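These are the residues of each chain, in order.
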Amino acid sequence: MKKYVVMIALMVSSSAFAQTSTPEFVDKLVDTINSQLIVINKERAQKGKKLYCSQLNEDQVFLIAKYFRSKDKKAWLTLDSVSADRFVDLAGFNLSCYPKPCPNYDDLVNGICNMKSYKMDRDLLDSALEKIKGGKFTINETMADIAR
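These remarks concern the structure in this document.

Rules of the game
Residues numbered from 1 in each chain as written. Predicted model: local features only at pLDDT ≥ 70, side-chain atom pairs only at ≥ 80, totals over all residues. Heavy atoms only, no water. Helix = DSSP H or I, 4+ residues; strand = E, 2+ residues; numbered from the N terminus. Buried < 20%, exposed > 50% of the residue type's maximum accessible area, 1.4 Å probe, protein only. Contact = heavy atoms within 4.5 Å. Areas by Shrake-Rupley, 256 points an atom, 1.4 Å probe, with all protein chains shown as cover. 1 Å grid on protein atoms, 1.4 Å probe; cavity = no way out; pocket = protein on both sides within 12 Å on 5 of 7 lines; lining within 4 Å. Points joined across faces, edges and corners; volume = space filled by probe spheres on them. Nonpolar A, V, L, I, M, F, W, Y, C, P; charged D, E, K, R; others polar. Disulfide = S-S within 2.5 Å. Polar contact = N/O pair within 3.5 Å; in protein donor to acceptor, adjacent residues only side chain to side chain.

## Side note on the overall build of the chain
- Looking only at helices and strands, the chain has seven helices and zero strands in total.
- Each helix (α) and strand (β) of the chain, taken in turn from the N terminus, gives the series α-α-α-α-α-α-α.
- Within the chain, buried positions represent 35% of all 148 residues.
- Restricting to contacts in the chain with at least 6 residues of sequence separation, those with at least 24 account for 62%.
- Of the roughly 9600 Å² that the chain leaves accessible, carbon and sulfur atoms contribute 60%.

As structure tokens, this is what we get:
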């Protein structure tokens, strides 16, 4: 009986150590996006299409990280508290890695004009999260589900 208790304790503690911390996940997400940008831009250049940014700049990295910070910016949120779908919606709207043809104003005309840019940024985030997860994710999943 004692053996089983020890084995269960070891399994529980090893799975706790295996979990990714929020800062580690953010770093992994940024690294994944940057590595994907190299491949995507190479393919797009060969086809003569408009390119994404070459790498995420400091402002874009900060934008991604802010979705994982508490409102007072003093602590990291747990990955369970960040919805993958909501993150893609919010960060994709403001990422600005794919060039926007119209000024980024909040009116309807410029919103329609920039719709492709928003979609392309969302697709970039989706593909990075799918790469980290190793497959598609659903709207109900959290970032913790993707990090597993």
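## Thoughts on the layout of surface pockets
- Quantified by volume, the largest pocket comes out at close to 170 Å³.
- As for the largest pocket, its lining consists of Gln19, Thr20, Ser21, Thr78, Leu79, Asp80, Ala144, Ala147 and Arg148.
- Here the lining of the largest pocket is built from residues that sort into three nonpolar, four polar and two charged.

## Observations concerning unusual backbone geometry
- Positioned with a positive phi, Ser96 is a non-glycine residue whose angle comes to about 55°.
- Relative to the helices and strands, Ser96 is located in the loop between helix H4 (84-94) and helix H5 (108-113).

## A look at the state of the cysteines
- Tallying each qualifying case throughout the model produces two disulfides.
- Here Cys53 is linked by a disulfide to Cys97, with a sulfur-sulfur distance of 2.0 Å. Taking the torsion about the sulfur-sulfur bond, which here is approximately -90°, the covalent link between Cys53 and Cys97 counts as left-handed. Residue Cys53 is found in the loop between helix H2 (22-46) and helix H3 (58-66), and its partner Cys97 is found in the loop between H4 and H5; the two are separated by 44 residues along the sequence.
- Two residues, Cys102 and Cys113, share a disulfide whose sulfurs are 1.7 Å apart. The sign of the 70° torsion about the S-S bond sets the Cys102-Cys113 disulfide as right-handed. Taken together, the residues Cys102 in the loop between H4 and H5 and Cys113 in helix H5 connect sequence positions 11 residues apart.
- Looking at Cys102, the relative accessible area reads 18%, which means it is buried.
- Exposure remark for Cys113: the relative accessible area of 29% places this residue in the partly exposed category.

## Quick look at the environment of Ser117
- Positionally, Ser117 belongs in helix H6 (residues 115-133).
- Assessed through its relative accessible area of 2%, Ser117 is described here as buried.
- Expressed as a C-alpha distance, the spacing of Ser117 and Cys97, which sit 20 residues apart in the sequence, is 8.2 Å.
- Residues in contact with Ser117, not counting those within four places in the same chain, are Tyr98, Pro99, Lys100 and Pro101.
- A distance of 2.6 Å separates a polar atom in the side chain of Ser117 from the backbone oxygen of Pro99.

By themselves, these figures tell us nothing about what the structure is for.
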